Amino acid sequence: IPNKPSRIAGAECPERSVVSGADHAAAMSVQEYLEKHLLPRKIEEAVNAAVRAKAADPVLFISTHMRRAAPAVITRVCARQILDSRGAPAVEVDLHTNKAVHRASAAGPGAPEGAAVDATRDVEKRRLLAKAVADSVRLINGKVSEALVGMDPQQQAQIDQAIMDLDKAHHRTEVGANAMLAVSIAACKAGAAEKEVPLYKHIADLVGKSATTLPVPAITVINGGTHAGNNLPIQEIMILPIGAKNFEEAMQMGSETYHHLKDIIWEKYGSDSCNIGDDGGFAPNISSITEGLDLVIAAIDRAGYNGRIKLAIDAAATDFCVGKKYDLEFKSAKKSGQNFKTGDDMIEIYSQLCSEYPLVSIEQPFDKDDWEHSKKFTTLELCQVLWETTY
């Protein structure tokens with residue numbers, strides 16, 4: 001405010017203090033406190049800013065202005081065990097700053113995997129998973145929290161590095177990748193809040209991207225593998241509406257195709273084949289990958305989106321890997337014993353699928369430790385190859 005800056009009565013002139021007599025020493029300590037933290041100047045700046053902005057609610061404006069003036073720092077990280085949509089233990093994290101609390105959750109650390117899943121093993125797997133989540137919670141509430149206290153939530157790289165530094169081997173075996181992910185996402189949300197930008201914009205800034213665009217959605221339409229009770233060995237068949245003009249149209253194309261697929265499955269296999277798998281895809285009682293892909297191609301055709309929708313699969317091959325071979329009948333009660341495939345056999349299968357169908361992406365085509373065939377297939381450049389790794 002020109003000519004007449006605002007002042008706090010008594011803040012700068014001890015003689016104007018309303019405290020007197022026996023409380024004179026206390027009044028001096030208040031004065032010293034104000035001066036130590038430069039409060040008179042900061043409040044004056046906030047009041048002047050409110051006047052310049054002609055704020056309708058000056059108290060709210062001033063409090064917001066003062067809040068922005070204080071840099072955010074992490075004060076505590078608190079983790080707890082929750083249950084995910086399948087009832088499995090998972091990790092949820094509250095990251096506290098001096099301004100707010102930001103929450104994120106992630107899947108629990110991975111339990112032992114493989115094809116030989118019986119009732120006893122499944123119980124043991126769940127017990128081990130629950131223990132792993134409990135261990136992660138204790139670690140986050142202890143070492144991770146201590147390491148992050150006082151850090152600026154906007155410094156994502158430093159935060160992630162501090163978490164990784166807790167793992168002496170740098171292989172995420174002590175902290176756990178998913179536990180690290182929950183903390184990292186919560187910190188990322190805190191950083192975005194401090195900058196007062198949407199989360200996606202903050203992430204774009206972190207990676208140096210000025211222009212942002214929504215990705216093509218990968219929509220699960222058929223479930224198999226360990227996510228459904230049919231005999232389909234692979235975990236998911238997905239559609240990618242790459243011909244859509246925008247995200248909204250992509251979702252519309254996906255929705256229409258999904259419902260046409262339901263009608264086709266109903267017509268061919270009956271109403272009981274329209275049951276839903278773990279990820280929302282249909283779970284008809286099919287046993288071959290080609291049978292599933294043919295159903296989806298028919299749905300795309302009926303929806304009128306030929307050429308505008310591509311296909312993707314998540315093989316989740318670790319689930320049907322036995323030793324160094326792949327059992328494509330691992331879910332069948334009547335195994336022929338003829339469907340064990342080598343890594344090279346699987347490469348041939350995937351190559352043929354890519355040539356016969358508009359298949360542009362395969363996730364986890366081999367066991368998580370089968371780097372030989374993973375590398376061999378990737379170098380063929382027949383499609384995008386993705387991996388999902390959990391610890």
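Before reading on, note that the structure itself is shown above.
Keep in mind that what you see is a predicted model, and the values were worked out from it rather than measured.

**With respect to the nonpolar core**
Of all hydrophobic cores here, the largest spans 47 residues; its most connected members are Ile222, Leu261, Val296 and Tyr350. Of all elements in the fold, only strand S4 (219-223), strand S5 (236-240), helix H8 (247-269), helix H9 (289-303), strand S6 (310-314), helix H10 (343-356) and strand S10 (359-363) reach the threshold of two or more residues within this core. If you tally residues by element for this core, the top one is H9, at seven residues. For Leu261, the contacting residues outside a window of four places in its chain are Val221, Ile222, Phe282, Leu295, Val296 and Ala299. With 26 residues, the next largest nonpolar core counts Ile74, Leu95, Val133 and Ala162 among its residues.

**Let's talk about the pattern of salt bridges**
Side chains carrying opposite charge are able to pair once their charged atoms draw close together. The full count for this structure, using the stated rule, is 14 salt bridges. Note that Lys195 is salt-bridged to Asp205, the shortest N-O span being 3.0 Å. Highlighted residues: Lys195 in helix H6 (residues 177-195) and Asp205 in helix H7 (residues 199-206), separated in sequence by 10 residues. Residue classification places Lys195 among the partly exposed residues on the basis of a relative accessible area of 28%. When salt bridges with common partners are traced through the structure, they connect Arg80, Glu92, Asp94 and Arg103 into a single cluster.

**Some points on the side chain of Gln364**
Mapped onto the secondary structure, Gln364 falls in the loop between S10 and helix H11 (371-378). When neighbours within four sequence positions are excluded, Gln364 is seen to be in contact with Asp314, Ala315, Ala316, Ala317, Thr318, Leu386 and Trp387.

**Observations regarding the sheet that holds strand S8 (residues 325-327)**
Pairing in this open sheet of three strands is antiparallel, and the strands run S7-S8-S9 from one edge to the other. Of all strands in the sheet, those bounded by a partner on one side alone are strand S7 (321-322) and strand S9 (340-341). Looking at chain direction, S8 and S9 are connected through two bridges and run antiparallel. Across the sheet, the residue bridging to Tyr326 is Lys341, located in S9.

Scoring rules and cut-offs
- Residues numbered from 1 in each chain as written.
- Predicted model: local features only at pLDDT ≥ 70, side-chain atom pairs only at ≥ 80, totals over all residues.
- Heavy atoms only, no water.
- Core = buried A, V, L, I, M, F, W, Y, C linked by side-chain atoms within 4.5 Å.
- Buried < 20%, exposed > 50% of the residue type's maximum accessible area, 1.4 Å probe, protein only.
- Helix = DSSP H or I, 4+ residues; strand = E, 2+ residues; numbered from the N terminus.
- Contact = heavy atoms within 4.5 Å.
- Salt bridge = Lys/Arg side-chain N within 4 Å of Asp/Glu carboxyl O.
- Pairing = 2+ DSSP bridges.

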